[in-house]
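# Report on the structure
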Amino acid sequence: MAVTTRTGDAGTPASTPPRQAGDGRGPGRTGDAGVNVFSHVVLIGWSVMVAVPFAWALLASLKTSREIFGSPWSLPAAFQWSNFARAWDKGVGEYLLNSIVVVTGGVVLTMLFGSMAAYVLARYRFPGNRLIFYLFAAGMMFPVFLAIVPLFFVVKNLGMLSTYQGLILVYVAYSLPFTVFFMHAFFRTLPTSIAEAAFLDGCSHTGVFFRVMLPMARPGLLSIGIFNVLGQFNQFVLPSFLSPERPVLAQGIATLLASQRYEGDWGALFAALTIAMVPVVVVYLLFYRQVQAGLTSGTLK
Amino acid sequence: MRHGQYRFIVGFLVVPLALYAVFVISPFVQAFYYSMTNWTGVSPQFEVVGLANFKALLHDSLFLRAVRNNAVLLVVMPLAVILAALFYAFLLNVGGGGGGTGVGVRGVRGSGFYKLVFFLPQVLSVPVIAVIWAVILDPTPTGLANSVLRGIGLGSTGWLADPNLALYCVLWVLVWGSVGFYLVLFNAAMSSIPKDLFEAALIDGAGRVATFFRVTMPLLWDTIQTSWVYLAVLALDVYALVAVMTAGPGGPANSTQVISLQIAQNGFQFGRAGYASAMGVVLFFFTLVIAAIMLRATRRERIEY
């Protein structure tokens with residue numbers, strides 16, 4: 001860290017309260033231009049490093065295989081839209097459908113069961129409450145590879161290998177620790193007065209949960225729901241062992257890379273990548289505050 | 001009323017707990033049992049062999065190679081990610097033009113945009129990232145990375161095809177993909193530090209660098225420590241990147257073998273489910289030990305604010 005050149009703020013009388021650093025808004029005025037320029041150069045440098053591979057992959061989806069490797073920096077001579085049709089025929093359509101079915105079922109059930117468990121653990125006192133909570137919380141730390149071989153046989157004995165229901169149930173189970181942990185914290189912050197009023201009006205425990213608490217928890221549900229959508233859509237380890245016959249998109253991409261090593265249809269591979277990337281990037285751009293908040297909050301607590 | 005309440009509690013917990021018990025807890029517990037058997041995973045018959053699997057692991061050169069590679073990732077990756085993320089968070093928060101007007105330390109403009117871009121790799125699936133980098137790091141002279149090297153006057157290199165470089169390519173992609181997440185994390189932690197602490201530091205005459213190292217960093221210590229544990233777990237658990245990106249996978253010449261890959265190969269290809277479970281148990285204890293060491297070694301007095 002070599003940003004020691006200009007420290008012009010030292011000794012400046014703090015006649016007006018200093019702004020809180022962090023939001024980064026507000027115009028830079030006089031002085032410190034050197035630091036400012038240096039910061040932007042470095043930050044833009046990393047931005048380019050992150051963005052160029054993705055932009056390059058998007059562009060490659062419209063090039064021929066020869067262009068991708070022969071002249072990686074140039075624009076395609078003609079846009080190869082047929083790459084997308086070939087990618088679709090190589091199974092991407094089917095993989096995408098599998099992903100959509102599994103993620104829809106997985107996220108709906110994860111949010112339902114996760115909120116139910118978190119709500120009860122956060123709002124009711126009963127013997128074993130802490131134990132169950134820590135049991136869920138511990139699941140966030142365990143390496144999934146410790147369990148993968150026995151898990152395969154659990155799913156196999158249930159006759160659920162390469163089935164939608166098998167993947168959905170496993171996704172739900174492995175998403176529960178984070179969901180319960182996060183929703184637990186969220187339900188704790190909600191005020192009790194409204195729930196008490198509902199009880200006085202004769203609402204049942206179940207009624208209070210579905211009609212009062214869940215609607216109040218909407219911001220938390222949204223943020224953790226998006227987290228689960230991305231997490232389950234991107235899941236690779238679990239389906240590659242548990243659903244070899246019915247691959248989801250992330251698996252399909254890996255399989256396509258392996259087969260292009262001898263088929264050589266790299267344009268179609270990048271078209272498949274684009275199909276896999278675009279929905280995720282759209283969700284990210286629409287909800288990036290919730291995504292960043294959801295992903296990081298689990299680590300902070 | 002009391003009775004109804006317990007029925008409600010049980011009713012809400014039974015399905016989530018059952019799913020969790022069947023698909024998460026039971027496999028974890030079974031792994032410990034299978035690790036002491038010679039189960040192939042195919043035949044229903046097997047014997048308990050005690051610690052024989054663990055003894056065999058000590059002489060399994062491929063496994064030891066995998067452990068060594070994981071160790072390299074474990075040492076370098078968290079360090080690189082945390083230093084880079086802290087550096088960028090520092091620039092975002094105190095790298096802006098300020099001063100002269102008594103406005104104090106400020107962040108750069110457009111920090112929202114930088115966070116948006118930096119974070120992007122985190123939301124895409126590992127196979128997508130692995131495929132992109134596998135093609136960028138194409139070993140032929142016309143590959144993208146090699147064309148950059150040629151552009152700055154260096155010769156082309158084999159990248160993932162070079163046994164001496166392949167592991168560092170994996171390491172680079174891991175770092176590249178993780179920095180944004182930890183930048184956002186550190187940035188959020190920095191934003192929650194109360195303003196009057198910065199105010200006080202300014203009144204005491206601290207510059208922006210001194211403020212960062214003397215005020216911000218100590219207050220971030222908890223977050224850094226947690227990040228370290230998470231990154232260490234990530235380094236131990238790495239699978240998808242290696243499985244998709246490297247030749248073999250795990251090659252060339254086993255230079256990118258990792259524990260998770262060994263578990264997958266022994267458990268599902270070589271018919272050595274018991275042996276693979278023993279590797280899983282070793283992985284589990286590595287995780288446990290590292291978390292404990294990290295939390296102990298980096299323990300400091302917690303600063304409340």
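Nothing here was measured: the structure is a model prediction, and the numbers come from that model. (Residues numbered from 1 in each chain as written. Chains lettered and ligands numbered in written order. Predicted model: local features only at pLDDT ≥ 70, side-chain atom pairs only at ≥ 80, totals over all residues.)

## Describing the overall build of chain A
Condition: The helix and strand labels rest on DSSP assignments: H or I over at least four residues marks a helix, E over at least two residues marks a strand, and numbering proceeds from the N terminus. Residue pairs qualify as contacts under a 7 Å threshold applied to their C-beta atoms, which are placed from the backbone.
A count of helical and extended segments in chain A gives 13 helices and zero strands. When contacts within chain A are restricted to residue pairs at least 6 apart in sequence, long-range pairs at least 24 apart make up 79% of them.

## A look at the overall build of chain B
For clarity, the cut-off: Using C-alpha atoms as the atom set, the radius of gyration is obtained and then compared with a globule rule of 2.2 Å times the number of residues to the power 0.38.
Regarding its fold elements, chain B presents 12 helices and zero strands. For chain B, the α and β elements follow one another from N to C terminus as α-α-α-α-α-α-α-α-α-α-α-α. In terms of overall dimensions, chain B is more spread out than a globule: its C-alpha atoms have a radius of gyration of 24 Å, far above the 19 Å expected for 305 residues. When its C-alpha atoms are laid out on the principal axes, chain B stretches across 80 × 75 × 35 Å.

## Looking at the domain arrangement of chain A
All names here are of chain A. Put simply, the test is: A domain assignment, automatic or from a database, supplies the domain bounds used here. For this classification, the nonpolar set comprises Ala, Val, Leu, Ile, Met, Phe, Trp, Tyr, Cys and Pro, the charged set comprises Asp, Glu, Lys and Arg, and every other residue, Gly included, is treated as polar.
When its domains are assigned, chain A resolves into domain 1 (35-70) and domain 2 (91-300). Look at where the C-alpha atoms of domain 1 and domain 2 centre, and you get two points 31 Å apart. Contacts between the two partners involve eight residues from domain 1, matched on the other side by eight residues from domain 2. Elements supplying a minimum of two residues to the side of domain 1 that touches domain 2: α1 (33-60) and α2 (65-70). With three residues, α1 is the largest single contributor of residues to the side of domain 1 that touches domain 2. The residue inventory of the side of domain 1 that touches domain 2, partitioned by class, reads four nonpolar, three polar and one charged.

## A word on the packing of helix α5 (residues 144-157) of chain A against helix α11 (residues 259-268) of chain B
This is how it is decided: Axes, fitted as lines to C-alpha atoms, cover a helix only where it is in contact. Angles between the N-to-C directions of the axes lie from 0 to 180 degrees. Put simply, angles under 35 degrees are roughly parallel, angles over 145 are roughly antiparallel, angles from 65 to 115 are roughly perpendicular, and the rest are oblique.
Relative orientation of the contacting elements α5(A) and α11(B) amounts to 10°, with a least axis distance of 10 Å. In terms of orientation, α5(A) and α11(B) fall into the roughly parallel class. In contact with A:Phe145, A:Ile148 and A:Val149 of α5(A), α11(B) contributes B:Ser260, B:Ile263 and B:Gly267. Here the contact of α5(A) with α11(B) is composed, by residue class, of four nonpolar, two polar and no charged.

## Quick look at the nonpolar core
Basically, it comes down to this: Each nonpolar core reported here comprises buried Ala, Val, Leu, Ile, Met, Phe, Trp, Tyr and Cys residues connected via C-beta atoms within 7 Å. As a rule, residues whose C-beta atom has 12 or fewer other C-beta atoms within 10 Å are exposed, those with 20 or more are buried, and those in between are partly exposed; C-beta atoms are placed from the backbone.
Membership of the largest hydrophobic core comes to 176 residues, with the highest contact counts inside it found for A:Ile253, A:Ala272, A:Leu273, B:Val131 and B:Leu241. Considering every element that reaches this core, the biggest residue donor is helix α7 (residues 166-191) of chain B, with 17 residues. With residues near it in sequence (within four places) discarded, A:Ile253 still touches A:Ala272, A:Leu273, A:Ala276, B:Pro127, B:Val128 and B:Val131.

## Observations regarding the environment of B:Ala210
Residues and elements named next belong to chain B. Relative to the assigned elements, Ala210 resides in helix α9 (residues 208-237). Classification of Ala210 as partly exposed rests on a count of 15 C-beta atoms within 10 Å. For the pair formed by Ala210 and Tyr20, sequence separation is 190 residues and the distance between their alpha carbons is 48 Å.

## A closer look at unusual backbone geometry
Residue and element names in this part refer to chain B. Cis geometry marks the peptide bond from Gly248 to Pro249, where omega comes out at 0°. Of note, Trp159 is a non-glycine position whose phi angle comes to about 50°, a positive value. Take Trp159: it is sitting in the loop between α6 (144-151) and α7. C-beta crowding within 10 Å serves as the criterion here: with 21 such atoms nearby, Trp159 is assigned to the buried category. Look at Asn254: it is not a glycine, yet its phi comes out positive at around 60°. In this structure Asn254 comes out as partly exposed when scored by C-beta crowding, with 17 C-beta atoms within 10 Å.

## What about the confidence of the model for chain B?
All names here are of chain B. This is how it is decided: pLDDT expresses how confident the predictor is about each individual residue, on a scale running from 0 to 100.
In the predicted model, chain B carries a mean pLDDT of 85, and the fraction of residues at 70 or more is 92%. Here residues 99-103 scores under 50 on pLDDT; set against residues more than four positions off or in separate chains, the count is 18 contacts. Interface confidence for the predicted complex, expressed as ipTM, amounts to 0.84; the pTM equals 0.85.

## A few points about the packing of helix α3 (residues 82-123) of chain A against helix α11 (residues 249-263) of chain A
Residue and element names in this part refer to chain A. Two elements in contact, α3 and α11, have axes whose closest approach is 8 Å; the angle formed by their N-to-C orientations is 155°. By the criterion of interaxial angle, the relationship of α3 to α11 is roughly antiparallel. Contacts between α3 and α11 pair Lys90, Gly91, Val92, Tyr95, Leu96 and Ser99 from the former with Leu249, Gly252 and Leu256 from the latter. The residue inventory of the contact of α3 with α11, partitioned by class, reads five nonpolar, three polar and one charged.

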